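Each chain, letter by letter, is given below.
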Amino acid sequence: MSTVIVRPPSFARYRRLFWRSKGKSILRCLEYERLSKLGLTGRVLDFGGGNKSNYSDEIMNWGDPDQGYVYESANIDQKIDPTYLLYQDGKVPVEADRYDAVISLNTFEHVYDLPGAFAEIRRILKPAGRLIFIVPFIFRVHGHPDDYLRGTPSFWKKTLDVQGFGEVEIETMNWGPFSTASMVSGLPGPFKWLRRNLALLMDVIYFARRHGQGVTSRVEQDAPICSTPIGYFIQAMRR
């Protein structure tokens, strides 16, 4: 059984992340919070991203150009304006050992040939380079152009190990069961913003009463505290 890192919900995080985020999903808010803490340096490839992605305003928050942070991207969709346009073989047209880090957001659920994708990413990463990605878990089916996969932490750890990655760390993109249920249902009907925020606040109260105020902790992937994650934030290193 794999273990995961859990960051508890709180009223302070609620005010910071959700109070004025009417146009962003719960998963996006949690993603942007975590990605803003990366502090990337060196040359970074966004696998599945581009200059016109729906998170383009966040890209410069991932690292400091004064510390050598350089952003490039690869995508099958030319409209996203990637640095490199990918074709059917999925090859990134760059030399081996080019990148200090590869990042990928909500992309691998759309990739049928995961071993091939990870092999290509390993090729273009420098030795000991970082792979960082986010994938949804309890999340509606969505296509761009298709949707194939929802993996548990054990699945991702095993897959990454087989593909030549080590030091795997997995965090839950998890607020709580009420907000997960609101995302899955889509909250049809009136007062959607109000009901979403009510679910978020219910999760804060539920977590505090059941688990105490708490701090960031490591638990097994099926622990009640994190058994309904919207997604996972995963880091690994090229061996």
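(A) Broad picture of the overall build of the protein chain. Across its full length, the protein chain holds six helices and nine strands. Taking 2.2 N^0.38 as the reference for a compact globule, 239 residues should give roughly 18 Å; the C-alpha atoms of the protein chain span a radius of gyration of 18 Å, in line with that estimate. Expressed along its principal axes, the backbone C-alpha trace of the protein chain runs to roughly 50 × 40 × 40 Å. Within the protein chain, buried positions represent 51% of all 239 residues.

(B) Looking closely at unusual backbone geometry. For Asp 81, which is not a glycine, the phi torsion comes out positive at approximately 60°. Mapped onto the elements, Asp 81 comes out in the loop between β3 (70-75) and β4 (84-85). The partly exposed category is assigned to Asp 81, whose relative accessible area is 32%. Although it is not a glycine, Asn 106 sits at a positive phi angle of roughly 50°. Relative to the assigned elements, Asn 106 resides in the loop between β5 (99-105) and α3 (114-124). Taking the relative accessible area as the measure of exposure, Asn 106 reaches 14% and is therefore buried.

(C) How the structure looks around the nonpolar core. Formed by 35 residues in total, the largest nonpolar core has its most connected members in Phe 108 and Phe 118. Of all the elements in the fold, those that place two or more residues in this core are β1 (3-6), β2 (43-47), β5, α3, β6 (125-136), α4 (153-162), β7 (165-173) and β9 (231-238). Broken down by element, the residue count for this core peaks at five residues, all from α3. For Phe 108, the contacting residues outside a window of four places in its chain are Phe 47, Leu 114, Ala 117, Phe 118, Ile 121, Phe 133, Val 135, Leu 149 and Trp 156. Within the second largest apolar cluster, 30 residues are counted, among which are Cys 29, Leu 35, Ile 103 and Trp 175.

(D) Focus on the pairing of β7. Counting buried positions along β7 gives seven out of nine residues, so the element sits mostly inside the fold. When β7 meets β9, the two strands line up antiparallel, connected through seven bridges. Within β9, the position partnered with Phe 165 by the bridge is Arg 238.

Reading guide: rules and limits
Residues numbered from 1 in each chain as written. Predicted model: local features only at pLDDT ≥ 70, side-chain atom pairs only at ≥ 80, totals over all residues. Heavy atoms only, no water. Helix = DSSP H or I, 4+ residues; strand = E, 2+ residues; numbered from the N terminus. Rg over C-alpha atoms; globule rule 2.2 N^0.38 Å. Buried < 20%, exposed > 50% of the residue type's maximum accessible area, 1.4 Å probe, protein only. Core = buried A, V, L, I, M, F, W, Y, C linked by side-chain atoms within 4.5 Å. Contact = heavy atoms within 4.5 Å. Pairing = 2+ DSSP bridges.

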